[in-house]
Amino acid sequence: MSLQVKIDNLFANAMKGQWDEVLKIYNKSPEVQKAKIAKSEDTTLHTAVSVGQTEIALELVEKSQEDTLELANAKGNTALHIAAALGDLRVCESMISKNRGLITFRNLKGETPLFLAALHEKREAFLYLYSLRKEDYLVRRYDGDTVLHAAISGEYFILSMQFVKKSMPPQFFPRYNLKHETPKEIFISTHTALTKEGGKWLVKTSESCSVVAALVATVAFTTSSTIPGGADQNTGIPLLLHKPSPSRRWSLSASPSPRSSSSS
C-alpha cells in the first residue's frame, strides 16, 4: 500500500469518526505520522485535537516523535496551539511533557499557545502554560498586539476584561503595540459605528418617550377638567349635580329594602 493511500485512509477514517482504524494505521505505519492529511495541512494529531477526541489525541502524542509534535498547519498552528485555544488541558500537559519547547512556537500571526489560551479565555490551559513560562513576550504577537489589544479588536471587550482581571498579571500587557496604539484607542476606533448607532438609539428612544409623556399628560388633563355627564349649555350647571354617583346608586340598589327584609 502506497503512502498516499495510507494518508487517504487516515483522512477518510478520521472524517467518519472511525478513530480505532486511525490508530491502527498510525501505529502500523510510522511514516504517516508527519503526513498532512487535509487541505488545511492538519496532521492526524491536529485533526483529533480539533474535534475534541482527547483520548485519541493522547495516544497519538504518546506514539509521536518530538519533532512530529512541532509540525504546523497552513495557519502555522501546532496541535498545542489548537489544544490551548480549545482549553484541552490534558493534551497540553501531554505535549509539553514530551516537548517543552512547544510553548514558544508561534503561528503565522506570531501567536503562541499561551496567547491563544488567553484570547479564547481558557483559564486552566492558560494558567498551566503560564506556570511554565512567565515571559510577557509570549502574549504578544508580531504586530505588537497583546491579548487585550486582540480581544478588543475582536469585540470581546467585556468578557476579556473579566478574564484579564481574574487570570492575568498586569505586566503581561505593555501599553502600546507597534502602531503605538493602546487598547483603549483600539476600542474607540473599532467601535465608532457602535457608538454612532447607540447615539441614534438614544435620540429615537428619548423622542418616543417624549411623545408618550405628552399623550399621557393630555389625557390626564382632559379627564381631570371634564365634568362627568356634561353641563347645562344655558346655565353651565353640571347635569349630574344632584344625582348620586354611580357607586352610590350601586350600593343603594344592592342593599335590601325594609319591606323585603321585614317580610322575610
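Above this text is the structure in question.
Just so it is clear, the model here is predicted, and its values are computed rather than measured.

Caption draft 1: Broad picture of the overall build of the protein chain. When its secondary structure is counted, the protein chain shows 15 helices and zero strands. Within the span of the protein chain, comprising 264 residues, buried residues form 36% of the whole. Here the contacts in the protein chain between residues at least 6 apart in sequence split such that 68% fall between residues at least 24 apart.

Caption draft 2: Broad picture of the nonpolar core. In this structure, Leu 45, Val 49, Met 95 and Leu 129 are the most contacted members of the largest nonpolar core, which totals 47 residues. Sequence-distant contacts of Leu 129, defined by excluding residues within four places in its chain, comprise Ala 84, Ile 96, Ile 103, Pro 113, Leu 114 and Ala 117.

Caption draft 3: Layout of the side chain of Thr 44. By the secondary structure assignment, Thr 44 is in helix 3 (residues 44–50). Not counting the four nearest positions on each side in its chain, Thr 44 is found in contact with Leu 10, Val 22, Tyr 26, Ala 35, Ile 37 and Leu 60.

Caption draft 4: Main features of the packing of helix 1 (residues 3–16) against helix 2 (residues 19–28). Close contact between helix 1 and helix 2 brings their axes to 8 Å; oriented N to C, the two are set at 155°. As far as their axial angle goes, helix 2 and helix 1 are roughly antiparallel. Note on packing geometry: the crossing formed by helix 1 with helix 2 is left-handed. Taking contact as the criterion, the partners of Lys 6, Asn 9, Leu 10, Asn 13 and Ala 14 in helix 1 are, on helix 2, Trp 19, Glu 21, Val 22 and Ile 25. Here the residues of the contact of helix 1 with helix 2 sort into five nonpolar, two polar and two charged.

Caption draft 5: Focus on the packing of aromatic side chains. In this structure the tally under the stated criterion is one aromatic pair. Geometrically, the ring pair formed by Phe 126 and Tyr 130 is stacked, given 5.7 Å between the ring centres and 5° between the ring planes. Placement of the pair is Phe 126 and Tyr 130 together in helix 9 (residues 123–132), with a separation of four residues, close to one helical turn.

Caption draft 6: Spotlight on the pattern of salt bridges. Scanning the model with the defined rule gives eight salt bridges in all. Between Glu 55 and Arg 90 there is a salt bridge, and its shortest N-O distance comes to 2.7 Å. Taken together, the residues Glu 55 in helix 4 (residues 54–63) and Arg 90 in helix 7 (residues 89–98) connect sequence positions 35 residues apart. For Glu 55, a relative accessible area of 46% gives the class partly exposed. The class of Arg 90 is partly exposed, set by a relative accessible area of 44%. A cluster of three or more residues bridged by salt bridges with shared partners is formed by Glu 111, Arg 141, Asp 143 and Asp 145.

Cut-off values and rules
Residues numbered from 1 in each chain as written. Predicted model: local features only at pLDDT ≥ 70, side-chain atom pairs only at ≥ 80, totals over all residues. Heavy atoms only, no water. Helix = DSSP H or I, 4+ residues; strand = E, 2+ residues; numbered from the N terminus. Buried < 20%, exposed > 50% of the residue type's maximum accessible area, 1.4 Å probe, protein only. Contact = heavy atoms within 4.5 Å. Core = buried A, V, L, I, M, F, W, Y, C linked by side-chain atoms within 4.5 Å. Axes fitted to C-alpha atoms, helices over the stretch in contact; angles between N-to-C directions. Parallel < 35°, antiparallel > 145°, perpendicular 65-115°, else oblique. Left-handed = near helix turned anticlockwise from the far one by under 90°. Nonpolar A, V, L, I, M, F, W, Y, C, P; charged D, E, K, R; others polar. Phe/Tyr/Trp six-rings, centres within 6.5 Å; stacked < 30°, edge-to-face > 60°. Salt bridge = Lys/Arg side-chain N within 4 Å of Asp/Glu carboxyl O.

Functional significance is not addressed by these values, which are geometric in nature.
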